[in-house]
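Residues per chain, in single letters:
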Amino acid sequence: MIDTVSAKQTERAEEIIKTVQFKVLRCDGKGVTKPRVDSFEVPVKKGTTVLDGLHHIKENLDSTLAWRYSCRMGVCGSCGMFINSFPRLACNTQITELESDVIHLKPLPNFDIIKDLVPDLSVLFEKHRLVKPYTLREDLAEVENPTGEFFQSLDEVERYLQFAYCIKCGLCMAACPTVATDRRYLGPQPLAQAYRYNADSRDEGFRARKDVVLSPHGAFRCHFAGACSEACPKGVDPAFGIQLLKRQAFAGALGFLRLKKAAAVAPPVSSAKKLEGIPEAPKKTVQ
Amino acid sequence: MRTRESTFWTWHLLAGLVILVVLGIHMFVMHLSKLLGTDIGKGVLDYYTVMWRSTNVSFAVMYVVLLGAALYHGLYGLRTILFELTLSERAEKIISALIVFAGILLFVVGSYGTIAVYLRGTA
């Protein structure tokens, strides 16, 4: 009985609901050939994503089509593209939810194009690197030779947690109207990550980041359009992070900002007992 | 804890607040006088009313403050708009210098007018 039901469900999932037209912007990224729009007919089943549609084209219709992908589950952030005039992850976007029989695909705006739907994200990574997106501490001896873990309460985790979900897909940068006009503007992703580390109780890097984050092309150029937060596939709110950075800047300029002292190493838990059956950790292979 | 830009931007916000207050007073005095029943004499643009305001030290100070705040707020905003055009660093420096020059010049001319009228009226 159960087998019959699941077989029916599988059959229904395999059923072709409709056929949609993919209109894909094709270009070589070097300006040698003129950009053009190619149309492809793609069969849609229940749950078919735009990424599935692109695979169908690659396997059956045009093997030269280029796009970037890896995980197929909204984790790696590789398959960002402009789908029906909105930056989305191709793997995260089901064709039926677009409610259109014509799917327009373009590479992410605000980035150079390598080929077809492949944007050059190196600008994003360079800007990301500029804000020092890692924990900076003054106690270098502890950082070099850690003696334990840094203490952090649940409340302290909450202060930055949502910003830690960023997968560096670049959708926020593609959606940002300021990035579109000011190529030197840091943009929502790096700024939100700067706030993520500034807000981390284990970090003391505000001073090290301020010259980049609070520069003429830093946080102050955000118009608070909120397009970045709308586009983020992971529910991060970069626009909010930038406003919190501005608040830090405002307090800093007026001399009200009190920089936190980085969290200390948590004392070892003396009362904890090791559960039975848990094997010993393997020996270090690198000293 | 501050950078040059964070200081400029903070002044921009504070200038906005000052404008809100001073422009509010201006609106009450100049445009809502009939509504509020604060109209003196033959209207706000009557010669004697204008002279009374111009020779009142509070109004003179308010005019200079409004001029300074409006110039700073407006010119910083203009600089921001121009900076968003992806200019070279050199172009940005030239724009900043021109804006500072224009701001100081307009402030000096405007303040001179206000102070000169005040001094002449009270002489």
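Everything discussed here concerns the structure shown above.
First, a word on scope: everything that follows refers to the structure included in this document. Nothing here was measured: the structure is a model prediction, and the numbers come from that model. (Residues numbered from 1 in each chain as written. Chains lettered and ligands numbered in written order. Predicted model: local features only at pLDDT ≥ 70, side-chain atom pairs only at ≥ 80, totals over all residues.)

### A closer look at the environment of lysine 58 of chain A
All names here are of chain A.
Then step 1. When you line up the elements, lysine 58 lands in helix H2 (residues 50-61).
Then step 2. On the basis of neighbour counts, which here come to 15 C-beta atoms within 10 Å, the residue lysine 58 falls in the partly exposed class.
Then step 3. Sequence separation of lysine 58 and valine 44 is 14 residues, and the distance between their C-alpha atoms is 15 Å.
Then step 4. Beyond its immediate sequence surroundings of up to four residues, lysine 58 is in contact with Ser63 and Leu65. (Helix = DSSP H or I, 4+ residues; strand = E, 2+ residues; numbered from the N terminus. Buried ≥ 20, exposed ≤ 12 C-beta atoms within 10 Å, placed from the backbone. Contact = placed C-beta atoms within 7 Å.)

### With respect to helix H8 (residues 188-198) of chain A
Then step 1. For H8 of chain A, the tally of buried residues reaches 11 of 11 residues, placing the bulk of the element in the interior.
Then step 2. Those residues of H8 of chain A hidden inside the fold are in contact with helix H3 (122-130), helix H6 (171-175), helix H9 (206-213), helix H10 (227-231) and helix H11 (238-253) of chain A.

### What about unusual backbone geometry?
Residue and element names in this part refer to chain A.
Then step 1. A positive phi is found at asparagine 110, a non-glycine position, where the angle reads about 70°.
Then step 2. Relative to the helices and strands, asparagine 110 resides in the loop between strand E5 (102-106) and strand E6 (112-115).
Then step 3. With 22 C-beta atoms counted inside 10 Å, the residue asparagine 110 sits in the buried group.
Then step 4. Located in the positive-phi region is phenylalanine 224, a residue other than glycine, with phi close to 60°.
Then step 5. Among the structural elements, phenylalanine 224 can be located in the loop between H9 and H10.

### Focus: the nonpolar core
All names here are of chain A.
Then step 1. In terms of nonpolar packing, the biggest core is built from 61 residues, with Met81, Ala90, Leu191, Ala219 and Leu245 touching the most fellow members.
Then step 2. Sort the elements by how many residues they give to this core and H11 lands first, with six residues.
Then step 3. Looking at this core, you find at least three residues from each of domain 1 (15-120) and domain 2 (122-253).
Then step 4. Excluding residues within four positions of it along the chain, leucine 191 makes contact with Leu186, Val213, Gly218, Ala219, Pro238, Gly241, Ile242 and Leu245. (Core = buried A, V, L, I, M, F, W, Y, C linked by C-beta atoms within 7 Å. Domains from an automatic or database assignment.)

Remember, this is a structural readout, not a statement about activity or role.
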